[in-house]
Amino acid sequence: MNPNRLGKRGGIKNFGQWRGGNNQNNRGQHNEHDDRKGGGGVTDIKRRVTFKNAGGRGGRGNNRLSTERIRAQLEADEEMGGDIISEMQQGGKQGGYKGRGGRGMRGRRSGSPPPRFMGAQGRKKLQAGTSGWFQVTISHGSKYEKAFVIQSLLERLSPLLFIPYYYRMDGKDSVFFVDDIKIAEKLQEASRQISTPNGFKMVIYVRSGIPQVQIDDSLKLRMKNAMIKRYHAPNKALDLSQFHADPDLLDVFVGLFRPTIMMAVIDIIAENIPELVALNLNNNKIHLLDHFKCVPTKLPNLAVLYLANNRVQNVSSLEPFRGLAIVELDLTGNPLKERYRDLSMYTSDVRNKFPKLMRLDGVDLPKQIGFDIEDQKNLPPAKASFLCNSGGADIVRQFLEQYFMIYDSDNRQPLLNAYHEHAMFSLTTAYSQQVNNTQRLYPYISYNRNLLRTRDNEQRLKHLKVGRLPIVSLLSELPATHHDPQSFGVDLTLFTEKLIMLTVTGLFKEKKSGSSVEVVRSFQRSLVIVPCGGGFCIKNELMHINVATNRQEKSIFNAPPANAAPIQQMPVTPVANPLGAGMNDDTKQNMILAMSNQSGMNMEWSRKCLEETNWDFDRAGFIFGELNKQNKIPAEAFVK
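Residues numbered from 1 in each chain as written. Predicted model: local features only at pLDDT ≥ 70, side-chain atom pairs only at ≥ 80, totals over all residues. Heavy atoms only, no water.

### Things to note about the overall build of the chain
A count of helical and extended segments in the chain gives 19 helices and 19 strands. Taken across its 640 residues, the chain has 36% of its residues classed as buried. Here the chain displays about 39,400 Å² of accessible surface, and carbon together with sulfur accounts for 50% of that area. (Helix = DSSP H or I, 4+ residues; strand = E, 2+ residues; numbered from the N terminus. Buried < 20%, exposed > 50% of the residue type's maximum accessible area, 1.4 Å probe, protein only. Areas by Shrake-Rupley, 256 points an atom, 1.4 Å probe, with all protein chains shown as cover.)

Right, here's the structure in full:
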């Protein structure tokens with residue numbers, strides 16, 4: 001038998017007979033005509049592993065298993081009902097139907113991928129989704145009248161009723177929407193079950209989909225007119241339940257579960273009825289509430305809120321309403337309630353969000369047990385500075401005056417005496433890319449020891465300066481400055497004989513080298529001060545530099561406003577000033593004139609300020625700045 005004889009389909013004739021029985025002879029004959037390299041018998045051929053298709057050209061054995069074929073096989077297995085399975089099992093017993101591959105009906109192989117969710121007729125199973133809306137497409141529906149299509153579907157789904165929202169033509173097809181998954185499933189099952197006038201079957205496609213709408217002034221006006229009918233003025237209540245089904249809005253989609261539409265509705269309410277007390281949002285399929293965070297600001301009087309039969313998932317989603325004094329809330333029909341087996345836990349969690357709640361889901365709540373305290377708590381008045389010990393104010397003032405006088409000078413080397421021999425210093429800055437090149441903190445970034453940005457331990461150790469010499473060397477490399485004492489705020493948190501802890505904040509102008517441009521910076525310096533010899537020195541310092549705000553830029557070195565309290569009321573503790581002893585009248589007159597020029601006050605009030613501070617010019621300027629920031633200097637002090 002010649003193995004090269006071909007059948008009608010291009011295959012080898014008597015293929016099975018050639019492979020059986022006399023295999024060795026046939027293989028030998030075949031290999032005699034094999035001119036491939038390696039010659040010899042079959043065992044001499046070096047075969048190469050490859051992933052080529054098993055079935056060759058013209059052969060019958062195409063065994064390629066594509067993803068589509070596997071999925072189709074699995075879906076076909078899943079679609080078979082119980083009657084079909086039993087019938088095929090019976091046929092299998094008689095040697096009849098054994099299924100593809102001759103294995104019979106043994107179900108899906110263990111470990112194989114799960115099939116898609118399919119319906120009884122092989123269609124994809126619909127999922128409710130978050131919106132709950134479905135798009136229904138009638139293939140070639142433009143050929144039929146709308147009345148015929150709707151009437152045919154109603155008859156097919158009888159006794160079920162449905163509303164076809166937003167019916168329109170889309171090319172050759174007709175499209176409408178439904179908001180019920182049961183109706184959507186019935187419409188899907190009705191595909192190819194309804195005869196049309198031209199003899200064809202009506203083909204229906206159903207999928208999840210939301211109607212689209214453009215929000216413009218015309219739509220807002222229509223929504224406003226629909227809301228006017230739903231507003232009850234005596235109770236200041238607005239009913240927006242199932243707003244998308246309003247008879248005046250049936251041709252457009254205004255589903256309140258869409259944030260853009262809900263925001264437009266909130267704006268309309270805030271513009272026309274900001275005094276609204278009660279709002280009904282039942283049956284609107286609302287599942288997201290993040291965009292309601294503006295409601296406490298725009299509708300501050302809202303106290304009654306209905307959210308029944310929506311899709312709120314958990315109690316934490318109600319956080320945007322927490323700023324309201326809600327006394328009545330309805331959450332029935334939402335998934336969040338199904339998360340609780342204990343109704344008391346549900347009530348407790350909701351009450352934690354709304355402490356004034358008296359009615360929940362239509363049930364009056366018992367009065368909460370708590371402490372009888374005032375709802376409104378007044379914070380203590382703000383102070384520019386905090387002193388834990390008024391006795392240390394003078395020491396702190398003198399130390400800071402001397403320090404910043406040297407720091408703003410052309411030579412910062414004398415600051416060596418201000419630091420302890422083993423002092424430690426760290427500089428941080430808040431780098432921001434939202435400022436222009438002039439404002440950026442380039443001179444400080446290379447020394448930045450911000451632990452949130454500097455992860456490398458070696459860099460952290462490098463930027464930590466230990467010892468007075470490395471510290472002053474670093475300070476000398478920083479740009480020249482001019483601090484504004486009137487902007488200073490000092491917090492003295494600890495004052496003992498052996499340890500002082502304080503924080504000073506304020507503003508300064510940074511002088512650009514080789515340029516007349518000055519940039520305003522804000523700073524905060526936390527100091528640990530210890531006694532040293534006959535004075536004090538810094539043992540530890542943390543300095544933070546930041547970009548000044550627009551308000552700070554406008555306030556630095558500005559003339560004081562003309563309104564404040566009498567200067568006699570300044571809380572001054574008289575301090576013996578060596579410069580005041582033996583001071584003649586000419587010197588005092590010069591100090592009064594200088595105070596008047598710097599503060600803007602007249603000569604009389606400048607004299608009072610200096611007299612109250614025992615003719616300590618720096619202290620008088622500092623106290624003036626503090627009282628001026630608190631608007632306690634009267635207008636007549638600036639009348640010259």
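### Regarding empty space enclosed by the protein
Per the stated rule, a full pass over the model turns up three cavities of 30 Å³ or more. Size it by volume and the largest cavity reaches roughly 50 Å³. Surrounding the largest cavity, Tyr407, Tyr444, His483, Phe508, Phe523, Arg525, Met543 and Ile545 form its lining. Every element with two or more residues in the lining of the largest cavity is listed here: strand S18 (518-532) and strand S19 (535-547). Looking at side-chain class alone, the lining of the largest cavity contains six nonpolar, one polar and one charged residues. (1 Å grid on protein atoms, 1.4 Å probe; cavity = no way out; pocket = protein on both sides within 12 Å on 5 of 7 lines; lining within 4 Å. Points joined across faces, edges and corners; volume = space filled by probe spheres on them. Nonpolar A, V, L, I, M, F, W, Y, C, P; charged D, E, K, R; others polar.)

### Quick word on helix H15 (residues 468-477)
Restricting attention to buried positions, one finds in H15 the residues Ile471, Val472, Leu474 and Leu475. Along the axis of H15, the buried positions cluster into a sector of 155 degrees, meaning they face one direction only. In this structure, H15 carries Leu469 and Glu477 as exposed residues pointing more than 90 degrees from its buried face. In this structure, the buried residues of H15 make contact with helix H12 (393-407), strand S13 (419-429), strand S14 (465-466), S18 and S19. (Arc of directions from axis to C-beta. Contact = heavy atoms within 4.5 Å.)

### Looking at the sheet that holds strand S7 (residues 278-280)
The seven strands lie next to each other as S5-S6-S7-S8-S9-S10-S11, forming an open sheet whose pairing is mixed. Strands with a single pairing partner mark the edges of an open sheet, and in this sheet they are strand S5 (231-232) and strand S11 (363-364). Two strands pair when backbone bridges link them, and S7 and strand S8 (residues 304-306) are joined in this way by three bridges, in the parallel orientation. Across the sheet, asparagine 280 pairs through a bridge with tyrosine 306, a residue of S8. (Pairing = 2+ DSSP bridges.)

### Here we look at the side chain of histidine 483
In this structure, histidine 483 sits in strand S15 (residues 480-483). Separated by 2.7 Å, the side chains of histidine 483 and aspartate 408 make a polar contact. Excluding residues that lie within four positions of it along the chain, histidine 483 makes contacts with Phe404, Tyr407, Asp408, Phe488, Leu507, Phe508, Phe523 and Phe557. (Polar contact = N/O pair within 3.5 Å; in protein donor to acceptor, adjacent residues only side chain to side chain.)

### Some details on the pairing of strand S2 (residues 165-170)
Pairing of S2 with strand S3 (residues 173-178) involves four bridges; the strand directions are antiparallel. Looking at S3, one finds that tyrosine 165 is bridged to phenylalanine 177.

### Here we look at the pattern of salt bridges
Tallied over the full model, the rule gives 16 salt bridges. The structure contains a network of salt bridges with shared partners spanning Lys229, Arg230, Asp246 and Asp248. (Salt bridge = Lys/Arg side-chain N within 4 Å of Asp/Glu carboxyl O.)

### A few points about the pairing of S18
Alignment of strand S17 (residues 500-511) against S18, held across twelve bridges, turns out to be antiparallel. Bridging from a neighbouring strand, leucine 507 pairs with serine 522 of S18. Of the strand pairs in this sheet, S18 and S19 are connected by twelve bridges, and their pairing is antiparallel. Among the inter-strand pairings, serine 522 is bridged to a residue of S19, identified as asparagine 546.

### Looking at the packing of aromatic side chains
Enumeration according to the criterion identifies twelve aromatic pairs in this entry. Linked through ring pairs, Tyr403, Phe404, Tyr407, Tyr419, Phe488, Phe508 and Phe523 together constitute an aromatic cluster. Over the ring of tyrosine 407 we find arginine 412; its NZ or CZ atom is 3.9 Å from the centre of that ring. Above the plane of the ring of tryptophan 605 lies lysine 608, whose end atom (NZ or CZ) is 4.4 Å from the centre. (Phe/Tyr/Trp six-rings, centres within 6.5 Å; stacked < 30°, edge-to-face > 60°. Lys NZ or Arg CZ within 6 Å of the ring centre and 35° of its normal.)

### Looking at unusual backbone geometry
Residue proline 159 is reached from serine 158 by a cis peptide bond, and omega for that bond is 10 degrees. Its place among the elements puts proline 159 in the loop between helix H5 (146-157) and S2. Although it is not a glycine, lysine 236 sits at a positive phi angle of roughly 55 degrees. Counting through the fold element by element, lysine 236 comes out in the loop between S5 and strand S6 (237-239). Judged by relative accessible area, lysine 236 falls into the partly exposed class, the value being 35%. Positioned with a positive phi, asparagine 283 is a non-glycine residue whose angle comes to about 55 degrees. Looking at where asparagine 283 falls in the secondary structure, it is placed in the loop between S7 and helix H9 (295-298).

### Re the sheet that holds S2
Pairing is antiparallel across the open sheet formed by four strands, whose spatial order is S2-S3-S1-S4. Every interior strand has two partners, whereas the edge strands, S2 and strand S4 (204-208), have only one. Averaged over all adjacent pairs, the angle separating strand axes in this sheet is 20 degrees, with direction ignored. One ladder, built from five bridges, connects strand S1 (residues 134-138) with S4; its direction is antiparallel. From the neighbouring strand, threonine 137 faces S4, where its bridge partner is tyrosine 205. Packing against the sheet, H5 makes contact with S1, S2, S3 and S4, and its axis sits at approximately 125 degrees to S2. (Axes fitted to C-alpha atoms, helices over the stretch in contact; angles between N-to-C directions.)

### A few points about the environment of glutamate 611
Mapped onto the elements of the fold, glutamate 611 is located in helix H18 (residues 603-612). Counting along the chain gives 23 residues from glutamate 611 to lysine 588, while the straight-line C-alpha distance between them is 9.7 Å.

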